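Survey of secondary and tertiary structure
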2 protein chains.
Amino acid sequence: MITVILSHPQMGENIGATARAMQNFGLSSLRLINPRDGWPNERANAVSSGALERMENVAVFDSLNDAVADMHYVIGTSARQRDMVKKVLSPESAAFEIAQRHDQNIAIIFGAERTGLLNDEVALCNALLTVPLNPEFSSLNLAQCVLLVLYEITKDKYAAGEPVSSVIDYGGSYPASRQEIANFLNRLERDLDAGRFFREEGLRPTMIRNIQSFFTRADITEQEVRTLHGMLSALRGNKTRNQ
Amino acid sequence: MITVILSHPQMGENIGATARAMQNFGLSSLRLINPRDGWPNERANAVSSGALERMENVAVFDSLNDAVADMHYVIGTSARQRDMVKKVLSPESAAFEIAQRHDQNIAIIFGAERTGLLNDEVALCNALLTVPLNPEFSSLNLAQCVLLVLYEITKDKYAAGEPVSSVIDYGGSYPASRQEIANFLNRLERDLDAGRFFREEGLRPTMIRNIQSFFTRADITEQEVRTLHGMLSALRGNKTRNQ
């Protein structure tokens, strides 16, 4: 199921227009994080053209953490590059990603009108979604952004669809080489051995493979490998610092 | 070249929002047929956020016939079935059709807010375009309709990257919920604290965000969260086993 989350929305009109866009595309689950003017909101009702009445109750949260607690995959919308390693999806590739996860709880988050999503909010997202716009004129209001995103990710429901593209924004860092990853994983295995993590020798290859799979799936950067080494040293209480 | 034509638009705001959407997607040629409140229009200027100033002069016509005289292919937008034999395109098939005719003059016509295109106007179109919407809630205002149509027919121009298809194989496990991930990250932070990982308090928020970013990017499963907990326990030498 797809849930739309508006983080710190300022104008009731935009909440109403979001509800309207959601109903245009058959969605009913809306969550708000600290709406500036409180909730319920008269202007939201007026603008929604009856959409709010057709939907589930709108849930209001104090923090994004709480709002996404029951979600499996979280997509943040962003107009600009971030200093973080995040998968950046086009609306089409987001649609594809969501279609693959049809049995999961998916959240699509839109930031406040003036600021967009904050970096702390972006950090909680599995991926970012950017709407392709003319770089020389890319002002799009909140409700318009909601409309375009929901159109793309639901259109297969009301018509027929197709392809995908996805680019990863490495935020200035560089992807780690396989060697760097292998070095880290070797050290991790030694440290886990020292802590008697592998209780049954027969299961070791499977466990190693699963750990590898996890660390490679994340598209890890050089900087992150260094951080992980630092974390290992801290967790082992410096026992392996000088190896 | 693509020209947008608004037939008998009533509200200046919608003309301004149309101009804005056109600039969002890099289009500059707008024509009006008998705008109710005349032209130029102050409210159109206000709503356009500078888009009108960036465009060619808006041309005003008395009839659709005159407005499309130099066009090679005319697409009318319509929310409903017509009693006429017309090719009906989805936004995607319209995009394809337009791409085939890149050296032609293409017009996309939007009818008046209240009535949509009149049958006489539809008769002049080569094809109709309908945006796929929830049939039970299909009210879409004029400017929103323009936005969706222009997004679809221009998006290849601003899209990044090439077609990719990505499927995540969860290997029988289920994606972890945000709550499960948050619990793990909280424990990890405590354990890192105990190992004096955060040497400079000022850098803690950034480091936490980077760690979060890494673990959410990996599309972690429930099984993997359990494995990570086990790894932490082993690395800490059971110090945290029973927390």
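Computed from a prediction, not measured in an experiment: that's the story for all the values here. (Residues numbered from 1 in each chain as written. Chains lettered and ligands numbered in written order. Predicted model: local features only at pLDDT ≥ 70, side-chain atom pairs only at ≥ 80, totals over all residues. Heavy atoms only, no water.)

**With respect to the packing of aromatic side chains**
Scanning the entire structure with this criterion turns up seven aromatic pairs over all chains. Taking 5.1 Å as the distance between ring centres and 80° as the angle between the ring planes, the aromatic pair formed by Phe-197 of chain B and Phe-198 of chain B counts as edge-to-face. Using a relative accessible area of 12% as the deciding quantity, one classes Phe-197 of chain B as buried. With relative accessibility at 9%, the residue Phe-198 of chain B sits in the buried group. Each member of the aromatic cluster is reached from another via a ring pair, and the members are Phe-25 and Tyr-151 of chain A together with Phe-25 and Tyr-151 of chain B. One Lys or Arg, Arg-204 of chain A, reaches over the ring of Phe-198 of chain A and ends 4.5 Å from the middle of that ring. (Phe/Tyr/Trp six-rings, centres within 6.5 Å; stacked < 30°, edge-to-face > 60°. Buried < 20%, exposed > 50% of the residue type's maximum accessible area, 1.4 Å probe, protein only. Lys NZ or Arg CZ within 6 Å of the ring centre and 35° of its normal.)

**Points about the confidence of the model for chain A**
As a note on interpretation, predicted positions should not be read in detail where pLDDT is low. All names here are of chain A. Taken as a whole, chain A shows an average pLDDT of 86; of its residues, 89% reach a score of 70 or greater. Strand β8 (residues 166-169) is the least confidently modelled element of chain A, averaging 48 in pLDDT, while strand β2 (residues 29-33) averages 98, the highest of any element. Here residues 160-167 is a poorly scored stretch, pLDDT under 50, and it has 27 contacts once near neighbours within four places are set aside; other chains count. (pLDDT = per-residue confidence, 0-100. Helix = DSSP H or I, 4+ residues; strand = E, 2+ residues; numbered from the N terminus. Contact = heavy atoms within 4.5 Å.)

**Description of the interface of chain A and chain B**
Taken together, the contact pairs 85 residues of chain A with 76 residues of chain B. Both sides together, the interface formed by chain A and chain B hides about 7000 Å², and carbon and sulfur atoms give 57% of it. Of all residues in chain A, the largest losses of buried area upon contact with chain B belong to Phe-137, Phe-214 and Leu-235 of chain A, amounting jointly to 11% of the total for that side. Counting the contacts that link chain A with chain B gives seven salt bridges. Two residues, Arg-54 of chain A and Glu-136 of chain B, come together in a salt bridge whose shortest N-O distance is 3.7 Å. If you look at where chain A meets chain B, you find 18 residue pairs in polar contact (both at pLDDT 80 or more). (Buried area = accessible area lost by both parts, 1.4 Å probe. Salt bridge = Lys/Arg side-chain N within 4 Å of Asp/Glu carboxyl O. Polar contact = N/O pair within 3.5 Å; in protein donor to acceptor, adjacent residues only side chain to side chain.)

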